Amino acid sequence: MTSPKPVCLIIGAGAGIGGHVGKKFALEGYHSVLARRSDKKGLDNLVMQIQQAGGSASGHLLNVVEENSLEDLILETEKNIGPIEVVLFNLGAQIGNRSLDDTSVKNFTLGWQIATLALFRLAKTLFPFMTKRRKGTLLVTSATAAMRG
């Protein structure tokens, strides 16, 4: 199914920023490709809300730590839905608010894989397409380095 609409890919399409941005782009004429790690029911509900409001969307469960998962989603989207014009990278480290003493190397590595390595892999896979088209936007809203209130 190739969409005649521009495509907005949301990595981290949960109930907060990612889901709201996905809705906004879909209602502005984009096909929103929504990806999140878990909660298939919540993902399906988000897609349904967008479609019921007159927008276009599809959903995918995605664990960015899994080898080639992100790359495969980008290639599949480019091939079967359409050119990705906008990406929202909305993943945080997901390791919680821990002190340095309470952060294991395993947890730190997982956070790095989610919040940093995944962003690198996304750019490395998608930017050649965007460069060839001479257009594209990457938005990063991850608050990995931020302190929570």
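A closer look at the packing of aromatic side chains
- Inspection of every chain in the model, using the stated rule, returns 1 aromatic pair.
- Measuring from ring centre to ring centre gives 4.9 Å for Phe-25 and Tyr-30, while their planes differ by 80 degrees; the resulting arrangement is edge-to-face. Here the two residues Phe-25 and Tyr-30 agree in accessibility, since each one is buried.

A word on the pairing of strand E2 (residues 31-36)
- Taken across its 6 residues, E2 has 6 buried, putting it largely inside the fold.
- Residues His-31, Val-33 and Ala-35 line one face of E2 and the alternating positions Ser-32, Leu-34 and Arg-36 line the opposite face, and both faces are buried.
- Two strands pair when backbone bridges link them, and strand E1 (residues 7-11) and E2 are joined in this way by 5 bridges, in the parallel orientation. Note that in E2 the partner of Val-7 across the bridge is His-31.
- Assessed by its sense of winding, the connection that carries the chain from E1 through helix H1 (residues 17-27) to E2 is right-handed.
- Note that E2 and strand E3 (residues 56-61) share 6 bridges and pair parallel. If you follow Leu-34 over to E3, its bridge partner there is Gly-59.
- Crossover E2 to E3 through helix H2 (residues 40-52) is right-handed.

Brief notes about the packing of helix H3 (residues 69-80) against helix H4 (residues 105-133)
- Packing of H3 against H4 brings their axes to within 8 Å, and their N-to-C directions diverge by 25 degrees. The orientation of H3 with respect to H4, classified from their angle, is roughly parallel. In terms of crossing hand, the pair formed by H3 and H4 is right-handed. Only Ala-118, Arg-121, Leu-122, Thr-125, Leu-126, Phe-129 and Arg-133 of H4 make contact with H3, whose side of the interface consists of Ser-69, Leu-70, Glu-71, Ile-74, Leu-75 and Glu-78.

Looking at unusual backbone geometry
- Not every positive phi belongs to a glycine, and Asp-39 is a case in point at roughly 65 degrees.
- Inspection of the secondary structure puts Asp-39 in the loop between E2 and H2.
- Judged by relative accessible area, which is 42%, Asp-39 ranks as partly exposed.

What counts and what doesn't
Residues numbered from 1 in each chain as written. Predicted model: local features only at pLDDT ≥ 70, side-chain atom pairs only at ≥ 80, totals over all residues. Heavy atoms only, no water. Phe/Tyr/Trp six-rings, centres within 6.5 Å; stacked < 30°, edge-to-face > 60°. Buried < 20%, exposed > 50% of the residue type's maximum accessible area, 1.4 Å probe, protein only. Helix = DSSP H or I, 4+ residues; strand = E, 2+ residues; numbered from the N terminus. Pairing = 2+ DSSP bridges. Right-handed = clockwise from strand over helix to strand, strands pointing away. Axes fitted to C-alpha atoms, helices over the stretch in contact; angles between N-to-C directions. Parallel < 35°, antiparallel > 145°, perpendicular 65-115°, else oblique. Left-handed = near helix turned anticlockwise from the far one by under 90°. Contact = heavy atoms within 4.5 Å.

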